[in-house]
Amino acid sequence: MSYLMRSCALAALVLSLSACAPLFRQPPPIGASVGEVTAALGQPAASYPLPDGGQVLEYRGQPMGQFQHMARIGPDGRLLSFEQVLTSENFAKVKIGQWTKDDILRNYGRPAEISRVAFHNYEVWSYRYKEAGVWNSMMSVHFDQNGVVQQMLNGPDPMYDDRFRHR
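Residues numbered from 1 in each chain as written. Predicted model: local features only at pLDDT ≥ 70, side-chain atom pairs only at ≥ 80, totals over all residues. Heavy atoms only, no water.

## Re the pattern of salt bridges
Should the charged atoms of two oppositely charged side chains come close, the side chains can pair. Scanning the model with the defined rule gives 8 salt bridges in all. With its nearest N and O atoms 3.2 Å apart, the salt bridge here joins glutamate 113 to arginine 128. Of the two residues, glutamate 113 is situated in strand 5 (residues 113-117) and arginine 128 in strand 6 (residues 122-131); the sequence distance between them amounts to 15 residues. By relative accessible area, which is 5% here, arginine 128 ends up buried. (Salt bridge = Lys/Arg side-chain N within 4 Å of Asp/Glu carboxyl O. Helix = DSSP H or I, 4+ residues; strand = E, 2+ residues; numbered from the N terminus. Buried < 20%, exposed > 50% of the residue type's maximum accessible area, 1.4 Å probe, protein only.)

## Digging into the nonpolar core
General note: in soluble globular proteins, nonpolar side chains tend to be found buried as a group. If you look at the biggest cluster of nonpolar residues, it comprises 19 residues, and the most contacted ones within it are Leu86, Phe91, Ile104, Tyr108, Tyr127 and Val149. Elements with a contribution of two residues or more to this core: strand 1 (46-49), helix 5 (101-108), strand 6 and strand 7 (135-143). Filtering out sequence-adjacent residues up to four positions away, tyrosine 108 remains in contact with Gln68, Met70, Val85, Leu86, Asn90, Phe91, Lys93, Val94, Trp99 and Tyr127. In this structure, Val37, Leu57, Ala71 and Leu79 belong to the second largest nonpolar core, which totals 8 residues. (Core = buried A, V, L, I, M, F, W, Y, C linked by side-chain atoms within 4.5 Å. Contact = heavy atoms within 4.5 Å.)

## Things to note about the sheet that holds strand 3 (residues 69-73)
Here 4 strands make up an open sheet; going across it, the order is 1-2-3-4 and the pairing antiparallel. Among the strands making up the open sheet, the edge pair consists of strand 1 and strand 4 (79-84). Strand-to-strand, the axes of this sheet are offset by a mean angle of 20°, without reference to chain direction. Pairing geometry for strand 3 and strand 4, over 5 bridges, is antiparallel. By the bridge assignment for strand 4, arginine 72 is matched with serine 81. In the packing of helix 3 (residues 34-41) onto the sheet, contacts are made with strand 2 (55-59), strand 3 and strand 4, and the angle to strand 2 comes to roughly 5°. Along the sheet, helix 5 makes contact with strand 1, strand 2 and strand 3, crossing strand 3 at roughly 100°. (Pairing = 2+ DSSP bridges. Axes fitted to C-alpha atoms, helices over the stretch in contact; angles between N-to-C directions.)

Laid out in structure tokens, this is it:
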């Protein structure tokens, strides 16, 4: 391989790994201040207020990743938890007919994709995740016109499934 090709390959590797740098950072300990959290993890992609005066900080892995990390900060400005939230167990907590778009944002952050289902006039937010830690999946959350969850469907992620690729 020529020197130029090796240099380009090395530069591409360094750039691609630098985009993942936040993934490899060690999260701060529970009880850390919000300043320590952002110093350790960087600025969040979004922040969502909680009814008790706390907030949730979104560390985005969507639209292409299969993860989304959320840092829950208490009303005292201290870290309560930091977790990867796109799991089957977490999606099972959604209360159909009760949860709203705000509840979904506070629990899972922004989706990978937003689409519509015309038949029901639903807005659909889809999240890429590893179902059971193994299968490349999409969880689709269907909202009615009032922004209330009416349905959740999971299935294979078309990005990883050859059956959905155009030939």
